[in-house]
Structures are given as C-alpha cells and as structure tokens.
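As a plain string of letters, each chain reads:
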Amino acid sequence: MNAEPVVRVHELSKSYNQGRVQAVRGVSLDVSPGAFLALAGPSGSGKTTLLNLIGALDVPDEGEVTVAGGRLAELSEKQRTRLRRQRIGFVFQQFNLVPVLTAAENVSLPLEILPGTTRESRRRAAVEMLQRVGLEGLGDRLPSQLSGGQQQRVAVARALVKNPPLVLADEPTANLDGATGIALIDLMNRMRTDQDVSFVFASHDPRVLDRVDTVVEMVDGCIRQ
Ligand SMILES: Nc1ncnc2c1ncn2[C@@H]1O[C@H](COP(=O)(O)OP(=O)(O)O)[C@@H](O)[C@H]1O
Ligand SMILES: [Mg+2]
C-alpha cells in the first residue's frame, strides 16, 4: 500500500511562553489512510499540542503539516478554516456539545456551514448518523438528558457527519467509565472501516492503546523511536 498519507508532519516544533516551554520538538510522522493511531505518553508530553497543530487549531513555530493533501502553511487563513471544517472531525474529552441544541441539531451543525446542503438533507444525515452510533430515537434529547457515553456518541456522529478523511480525538475516553469507554473505541473502530476514515487519538488510556493499530509514544515533545 503506497497511498498518500492523510497526515504528514515534518520536523514540527511548537513552544509556549517565549520558547520557555518546548511542547513539540522536531516531530515527524505520517498517518496512512484508514489508520487507527494513538499518540501516547505522559501528561505534558505534547500530545494535545501536536493534535492541535495537525488539526490547524494552532500554528507551528517550525516545520510542516500536510492534511488531506493541503500544506497548512501554504493555505490562507480562510482556506485553512475551510479545510478544518470540511475535512477534519474533532472529538474532545469534555464532549463539547452545544447544551441548548438537541442531539440531532448538534450532529447536523457541521453541515450548516457546508455549501450545498438543505435543511431536509441535514436532518436526514443527522438521523442516519445517530442511528449508526446506536442512538436511534434519541435525536430530540438535549445533551443534559443523555449519559456521558451517549453524549460522546453524539460527538462521534457530529465528527463523522461530513464524511471527513480524518478524525482527531483528544482523550475521548477520559470521562467515561470502563465498559463505556471500550464500547466507544469499538464504535469508532467500526466507523473507521465503514466510512474509510483515519483516527488519530491523543490518549494514555490503556483501553485505547490496546485497541489501536499503532501507538506513537511521546516523551518531552519528541517521538520515542
Ligand atoms: N497554551 C499553553 N501555554 C503554555 N504552555 C502550554 C500551553 N499548552 C500546553 N502547554 C505546555 O506544553 C507542554 C505540552 O502540553 P500538552 O500538549 O497539553 O501535553 P499533553 O496533551 O501530552 O498532556 C506542557 O508542558 C504544557 O504545560
Ligand atoms: Mg492533552
């Protein structure tokens, strides 16, 4: 398999506080299509910083990130925003659902800023995604009326509804109990196969690390070889 990597990171560095904290130091990494990969390593090792750089949520000091064929540094702010909205799904530790919107409205939200969708097509896509993540019939509930595991499933549905080639998930199981966390990872693994999407996790959760295909260990902002 020689398919183009969905993510290419080349000698990437990022520091905070005028260089006093070197969060990511000279990291290079390729993520192939269909990958199920975790950035592991202790708290403070740079996992979230690297994930945010890949997701175009932050800008590196040095080095290159290419996502789905787009070299982030060569894109305008507007193009970068479009790439992030259309091509990357995000799942966070705290679920980050909009509390005043229903589950179905949360799922259809990313489609509202895409061209060429109608209210009806968005509604249908949300209903179908909720069914695929095992939440059929719960689309009218508010996040506060769902369990943590159900809320994270809504977040997975929201990340996948635009059919992105890449989903970035930062500690997605950290707020879920044992079996719920495992079920969520298994769900994402099924979606990965069904929908032909790559997942990159930042996690030190053994439930995640036992189930991914590739573990990339970070230490002090570097990848341990
Ligand atoms: N916004 C920030 N400002 C200053 N320092 C930060 C910021 N974000 C992260 N750091 C520091 O960068 C290092 C890497 O953090 P992070 O990427 O969050 O690691 P991890 O996700 O592995 O816990 C840590 O030393 C952390 O304190
Ligand atoms: Mg982190």
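First, a word on scope: everything that follows refers to the structure included in this document. (Residues numbered from 1 in each chain as written. Chains lettered and ligands numbered in written order. Predicted model: local features only at pLDDT ≥ 70, side-chain atom pairs only at ≥ 80, totals over all residues.)

1. Notes on the sheet that holds strand S2 (residues 21–31)
- Spatial strand order, S2-S1-S4-S5: four strands in an open sheet with antiparallel pairing. Sheet topology places S2 and strand S5 (70–71) at the edges, where each strand pairs with a single neighbour.
- When strand S1 (residues 7–16) meets strand S4 (residues 62–67), the two strands line up antiparallel, connected through five bridges. Of the residues in S4, the one forming a bridge with Arg8 is Thr66. (Pairing = 2+ DSSP bridges. Helix = DSSP H or I, 4+ residues; strand = E, 2+ residues; numbered from the N terminus.)

2. A few points about the sheet that holds strand S9 (residues 214–219)
- Pairing is mixed in the open sheet, where six strands are placed in the order S6-S7-S8-S3-S9-S10. The outermost strands of the open sheet, each flanked by one partner alone, are strand S6 (88–91) and strand S10 (222–223).
- Bridge count between S9 and S10: two bridges; the pairing is antiparallel. Residue pairing for S10: Val219 is matched across the bridge by Cys222.

3. Re the pairing of S9
- With four bridges connecting them, strand S3 (residues 36–40) and S9 associate as parallel partners. Among the inter-strand pairings, Leu37 is bridged to a residue of S9, identified as Thr214.
- In this structure, the hairpin formed by S9 and S10 is closed by a connection of two residues, where Asp220 is found at a positive phi of approximately 50°.

4. Re the site of ligand 1
- Ligand 1 sits among 13 residues. The nearest are Tyr16, Ala23, Lys47, Thr48 and Thr49.
- Elements that contribute at least two residues to the shell around ligand 1 include exactly S2 and helix H1 (47–54).
- Element by element, the count of residues in the shell around ligand 1 is highest for H1, at three residues.
- Of the residues in the shell around ligand 1, the class split is four nonpolar, eight polar and one charged. (Near = placed C-beta within 6 Å. Nonpolar A, V, L, I, M, F, W, Y, C, P; charged D, E, K, R; others polar.)

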